[in-house]
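Coordinates in review
This is what each chain is made of:
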Amino acid sequence: MSDSVIFQERTTTSGMRIGHASLNRPSAHNALNMDMIQLLMPQLLTWQQDPAICMVILDGSGDKALCAGGDVVAMHNAMADEPKSTPASLQAFFTQEYQLDYLIHTYAKPFAVWGAGIVMGGGMGLMNGGSHRIVTDSSRLAMPEISIGLYPDVGGSWFLNNMPPGCGLFLGMTGASMNAADALYVNMADYFMPNDMKAQWLEGLEQLPWGNDSAANADQLSVMCAHLHQQHQALLPVSKVQPLQGSLAQLESKKTAAEVAEQILQLDAGDDRWLAKAQKTLQAGSPISANLVFEQLQRGQSMTLAQCFAMELIMSCRCGEFGEFQEGVRALLVDKDHQPKWHYASVAQVPKETMVWFFDSQWQGTEHPLSHLDKE
C-alpha cells in the first residue's frame, strides 16, 4: 500500500530546503480522505517550525488532478448508517479538513500550489489558501456541491466573496467549471504556466538564493512565477466568466436565492454551451444547496476567515444530519441513477426556518471545535 501523501525535501543551491508534499491517490483523482489530512497536518506544522525549510510546495500525483474533492462516498455510507444525526466520522473529517485549510491560509512561509488538472471541492480548499497558486492549461476548477446537496464549503464563504461582484453567487449556484483564465480572473489563482513547465519551475526554485527571511523569500518566488507567467500568458484559454461580468454583477442586488437563480436561468446562453451547462446544473441541483450558497455568502461578507470556517462546520454537520447531502451523493456517485429526490421542488419553496436551522450551532453552551482558530 503506497502512502496517500508523498513527502520529500528538495535541497537548494543556497543550502536551504524546500518541503514538497504530493497527494498520492491518482486513481481517485487524489480525492482527500482522513488519512491524507492526518499525514499533511503534522508534516506542514513541522516544516513551518523548521528554520532550514524556506518554502512548501503542494501538488498531486499523476497528470489528471491536484485533488477532485473529499471522499464523499465514505461520508454517504456513514450517513446511511446513522440517519437524522451527524456521524462522528463526518464531524471529525470536516473539523480536521478545515483546520488544514486554515493552516495553509495562515502559513508562515511561502506555500506554492501547483493546481493542474481537476481542482474541485476539497481541492479548492487546499489550493485557495496557498500564497502562490499556479494554474495550467489542464486546470479545471469548480465547487460542484449543488449537484450533491452540499454547498461550497472549505472556505467558500470567504473566497466566493472575494471574487468580482456576482461571480461567487454564480459559480456557487451552478457548480460551473473554470479554466486557468477564469481562475485568474476570479482571484482563485495567481499565475499561469503550461503543464510541461513544471520540471523547469521546480529546477528554478532550487536555484533561487533562499534565506531566513520569509517575506524576502515570498518576494523572490513571486518575481520568478510572474516572469514565467508573462512568458506564457499568450497560451491562456479564453475566459468563460469574464464576458458575463456585466450580467453577473446584477446578481448582487437580488434579495433571495430564488431571485438569483431566476436571473441566472434567464441569461441568454445562445450558442454558449458552457453557460447552458451551468444553467442546467442549477436547474437539476439541490434547491437547499442553492439557498445555502446565497445565505452563506450573505453572512460571510462580515466574517473573518476563521469565523467562516466555524460557520461552515455548523452547516456541514447539519448537512450530514438533514439527508439532502446523502441523497445527492447516492444519486450521483453510489447508485448513479442521476435521479435525486430533493426535499423541495424549487429554490423558492425552501422555507426560511429550514435555512435558519442549517446555521443553528450544535455547540451552544459548549466550545465550538474550531473556536481556537481565531486565537492562533
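The rules behind these values
Each residue is numbered by its place in its chain's sequence as written, counting from 1. Given that this is a predicted model, residues contribute local features only at a pLDDT of at least 70 and side-chain atom pairs are listed and counted only at 80 or more, while totals for whole chains, interfaces and linings are drawn from all residues. Only heavy atoms go into the side-chain values, all of them from the structure, while hydrogens and water stay out. By definition, any uninterrupted DSSP run of H or I lasting at least four residues is a helix, any uninterrupted run of E lasting at least two residues is a strand, and each is numbered from the N terminus. Note on method: radius of gyration uses C-alpha positions; expected globular size equals 2.2 Å times residues raised to 0.38. For every residue, the accessible area obtained with a 1.4 Å probe (protein chains only) is divided by the maximum for its type, and the residue is called buried under 20%, exposed over 50%, and partly exposed between those limits. Directions drawn from the helix axis to the C-beta atoms are what define this arc. Throughout, a contact is declared for two residues whenever any of their heavy atoms are within 4.5 Å. The criterion for strand pairing is that DSSP finds at least two bridges linking the strands in question. If the strands point away from the viewer and the path from the first strand over the helix to the second runs clockwise, then the crossover is right-handed. Stacked, tilted and edge-to-face pairs are distinguished by plane angle, under 30 degrees for stacked and over 60 for edge-to-face with tilted covering the rest, among Phe, Tyr and Trp rings (Trp via its six-membered ring) whose centres lie within 6.5 Å. Of the two site types, the cavity is a set of points on a 1 Å grid over the protein atoms alone where a 1.4 Å probe fits but cannot get out, and the pocket is an open set with protein on both sides within 12 Å along at least five of seven lines, each lined by residues with an atom within 4 Å of a point. Grid points are joined across faces, edges and corners, and a volume is the space filled by probe spheres set on the points. Put simply, Ala, Val, Leu, Ile, Met, Phe, Trp, Tyr, Cys and Pro go in the nonpolar bin, Asp, Glu, Lys and Arg in the charged bin, and everything else, Gly too, in the polar bin. Convention adopted: a line fitted to C-alpha atoms gives each axis, helices being fitted over their contacting stretch, and angles between N-to-C directions are expressed from 0 to 180 degrees. The span one expects for a helix is its residue count, reduced by one, times 1.5 Å.

This part covers the overall build of the protein. Across its full length, the protein carries 16 helices and nine strands. In terms of overall dimensions, the protein is globule-like: its C-alpha atoms have a radius of gyration of 20 Å, near the 21 Å expected for 376 residues. For the protein, the C-alpha atoms occupy an extent of roughly 60 × 50 × 40 Å along the three principal directions. Out of the 376 residues belonging to the protein, those deemed buried represent 55%.

Burial in helix α2 (residues 72-81) covers these residues: V72, M75, H76, A78 and M79. End-on view of α2: buried residues confined to an arc of 165°, all on one side of the axis. Buried positions along α2 lie against α3 (88-105), α14 (305-322) and α15 (324-334).

What follows concerns the pairing of strand β3 (residues 53-60). Among the eight residues that make up β3, eight are buried, leaving the element largely enclosed by the rest of the structure. Bridge count between strand β2 (residues 17-23) and β3: seven bridges; the pairing is parallel. Of the residues in β3, the one forming a bridge with S22 is D59. Note that the unit made of β2, helix α1 (residues 34-49) and β3 has a crossover that is right-handed. Both β3 and strand β5 (residues 111-115) contribute to a ladder of three bridges, which runs parallel. When the bridges of β5 are listed, V56 appears paired with F111.

Under the criterion given, the structure shown has 11 aromatic pairs. Summarising the aromatic geometry, the rings of F94 and Y98 are spaced 5.8 Å apart at their centres and angled 35° between planes, so their arrangement reads as tilted. Separated by four residues within a single helix, F94 and Y98 lie in helix α3, roughly one turn from each other. According to the relative accessible area criterion, F94 is buried, its value standing at 2%. Residue Y98 is classed as buried on the basis of its relative accessible area of 0%. Taking the centre distance of 5.1 Å and the plane angle of 50° together, the rings of F322 and F358 count as tilted.

The next thing to look at is the pairing of strand β1 (residues 5-11). Look at any regular strand and the pattern is simple: side chains alternate between the two faces of the sheet. Relative to β2, β1 is paired through seven bridges, and the arrangement is antiparallel. Within β2, the position partnered with E9 by the bridge is G19. What sits between the antiparallel neighbours β1 and β2 is a turn of five residues, in which G15 has the positive phi angle 95°.

Bringing the layout of surface pockets into the picture now. There is about 1200 Å³ of room inside the largest pocket. In this structure, the largest pocket is lined by 46 residues; those nearest its centre are M120, P144, S147, I148 and L332. Secondary-structure elements contributing two or more residues to the lining of the largest pocket are α2, α3, β6 (118-120), β8 (140-142), α12 (273-284) and α15. With seven residues, α12 is the largest single contributor of residues to the lining of the largest pocket. When its residues are assigned to classes, the lining of the largest pocket shows 24 nonpolar, 13 polar and nine charged. As for the second largest pocket, its lining consists of 14 residues, of which T256, N291, E295, K352 and M355 are closest to the centre. Among the secondary structure elements, those contributing two or more residues to the lining of the second largest pocket are α11 (257-266), α13 (287-300) and α16 (352-358).

Once that is clear, we can look at the sheet that holds β1. A sheet is described by the order of its strands in space; here six strands give the open sequence β1-β2-β3-β5-β7-β9, paired in mixed fashion. Since the sheet does not close on itself, it has two edges, and those belong to β1 and β9 (191-192), each with one partner. Running over the sheet, α1 touches β1, β2, β3 and β5 and is turned about 20° from β1.

Counted at 1.5 Å a residue, the expected span for α14 with its 18 residues is 26 Å, and the 26 Å between its end C-alpha atoms agrees. Among the 18 residues of α14, 15 are classified as buried, and the element is accordingly described as predominantly covered.

Before going further, it helps to spend a moment on the environment of I264. Among the structural elements, I264 can be located in helix α11. Residue I264 is classed as buried on the basis of its relative accessible area, which comes to 0%. Setting aside residues no more than four positions away along its own chain, I264 makes contact with F170, M173, T174, L251, Q279 and L282.

The next subject is the side chain of Q48. By the element assignment, Q48 lies in helix α1. Classification of Q48 by relative accessible area gives buried; the value is 17%. What Q48 contacts, discounting residues up to four positions off in sequence, is L103, T106, Y107, A108 and K109.

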